[in-house]
Amino acid sequence: MITINPYLHFDGNCLEAFTFYQKAFGGEFHMLSRYKDMPGADPNALGGDRILHVAIPISENLHLQGSDFPEVMEGKPIIGNNFSVVINTTTEEESIRLFEMLSEGGNIIMPLGPTFWAPLFGMCDDKFGIGWMISQNPSA
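Residues numbered from 1 in each chain as written. Predicted model: local features only at pLDDT ≥ 70, side-chain atom pairs only at ≥ 80, totals over all residues. Heavy atoms only, no water.

## Brief notes about the nonpolar core
Defined as follows: Note on terminology: a nonpolar core comprises buried Ala, Val, Leu, Ile, Met, Phe, Trp, Tyr and Cys residues joined through side-chain atoms within 4.5 Å. Relative accessibility decides the category of a residue: with a 1.4 Å probe and only protein chains considered, values under 20% of the type maximum give buried, values over 50% give exposed, and everything between is partly exposed. Numbering goes from the N terminus for both helices and strands, where a helix is a DSSP run of H or I of at least four residues and a strand is a run of E of at least two. Here, two residues are considered to be in contact whenever any of their heavy atoms come within 4.5 Å of each other.
Within the largest apolar cluster, 9 residues are counted, these being L8, F10, C14, A17, F18, I51, V54, I56 and L64. Of all the secondary-structure elements, those providing two or more residues to this core are β1 (3-10), α1 (14-25) and β3 (51-59). Excluding residues that lie within four positions of it along the chain, I51 makes contacts with C14, L15, L32, S33, R34, Y35, G66, S67 and D68. Counting 8 residues, the second largest nonpolar core, distinct from the first, contains V85, L98, W132 and I134.

And the structure:
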């Protein structure tokens, strides 16, 4: 089953924003990790204490997710590029098909490939400027 979640991008104030959203929606952080906690990474190269990923449940099948932009990434989050849509897939075939379709005519930000958190993950902007994150999660 495919699930879709909103993903919000911040410039250093992600934790503050998600603490605010937690008060609004309730619940506990489903996950909270920082760039300095990435396996094999220089603790400060991407942003040290900045948020790599955070999620809070909104409902059984919907999580509000977010992160701070890495300090080394070109550009900063501004209204219009400060969100993406996350598609969680269950199979490699589904991940590849969706990534190829959505990135066609657009811009690949991070090619689809294995990560420490997912068998496949990739980021792209489609030809209409919408940001997509494809994440294969076999248990989704």
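## Observations concerning the pairing of β3
As a reminder of what qualifies: Paired strands are those between which DSSP finds at least two bridges.
Of the strand pairs in this sheet, strand β2 (residues 31-34) and β3 are connected by 4 bridges, and their pairing is antiparallel. Directly across from M31, in β3, lies its bridge partner A55. Sheet analysis places β3 next to strand β4 (residues 62-68), joined by 5 bridges and oriented antiparallel. Following the sheet pairing, P57 is matched in β4 by H63. Here β3 hands over to β4 after 2 residues, the two strands then running antiparallel side by side.

## What about the sheet that holds β4?
To keep it simple, the criterion reads: Axis geometry follows a simple rule: fit a line to the C-alpha atoms, using only the stretch in contact for helices, then measure angles between N-to-C directions, giving values from 0 to 180 degrees.
The strand order across the open sheet formed by 8 strands is β2-β3-β4-β1-β5-β8-β7-β6, and the pairing between neighbours is mixed. The open sheet terminates on both sides in strands that have one partner only, identified here as β2 and β6 (107-113). On average, each strand axis in the sheet is inclined to that of its neighbour by 20°, with strand direction left out of account. Contacting β1, β2, β3 and β4, α1 runs over the sheet at an angle of about 10° to β3. Contacting β5 (83-89), β6, β7 (121-125) and β8 (131-136), helix α2 (residues 92-103) crosses the sheet at an angle of about 170° to β6.

## Quick word on the pattern of salt bridges
For the record, the criterion: A pair is scored as a salt bridge if a Lys or Arg side-chain nitrogen falls within 4 Å of a carboxyl oxygen belonging to Asp or Glu.
Summed over all chains, the structure comprises 2 salt bridges. Measuring nitrogen to oxygen at the nearest pair gives 2.9 Å for the salt bridge that ties D11 to R50. Remark: R50 occurs in the loop between β2 and β3 and D11 occurs in the loop between β1 and α1; sequence separation between them is 39 residues. Note that K36 is salt-bridged to D49, the shortest N-O span being 2.6 Å. Placement of the pair is K36 in the loop between β2 and β3 and D49 in the loop between β2 and β3, with a sequence separation of 13 residues. Taking relative accessible area as the criterion, K36 reaches 38% and is therefore assigned partly exposed.

## What to know about α1
Quick note on the threshold: Residue count minus one, scaled by 1.5 Å, sets the expected span of a helix. The directions considered for the arc are those from the helix axis to the C-beta atoms.
If you check α1, its first and last C-alpha atoms are 16 Å apart, about what 12 residues at 1.5 Å a residue would give, namely 16 Å. For α1, the complete set of buried residues consists of C14, A17, F18 and Q22. Viewed along the axis of α1, the buried residues span an arc of 140°, placing them on a single side of the element. In α1, those exposed residues whose orientation departs by more than 90 degrees from the buried face are E16, F20, K23 and A24. Along its buried surface, α1 packs onto β1, β3 and β4. At the exit of α1 stands G26, carrying a positive phi of roughly 80°.

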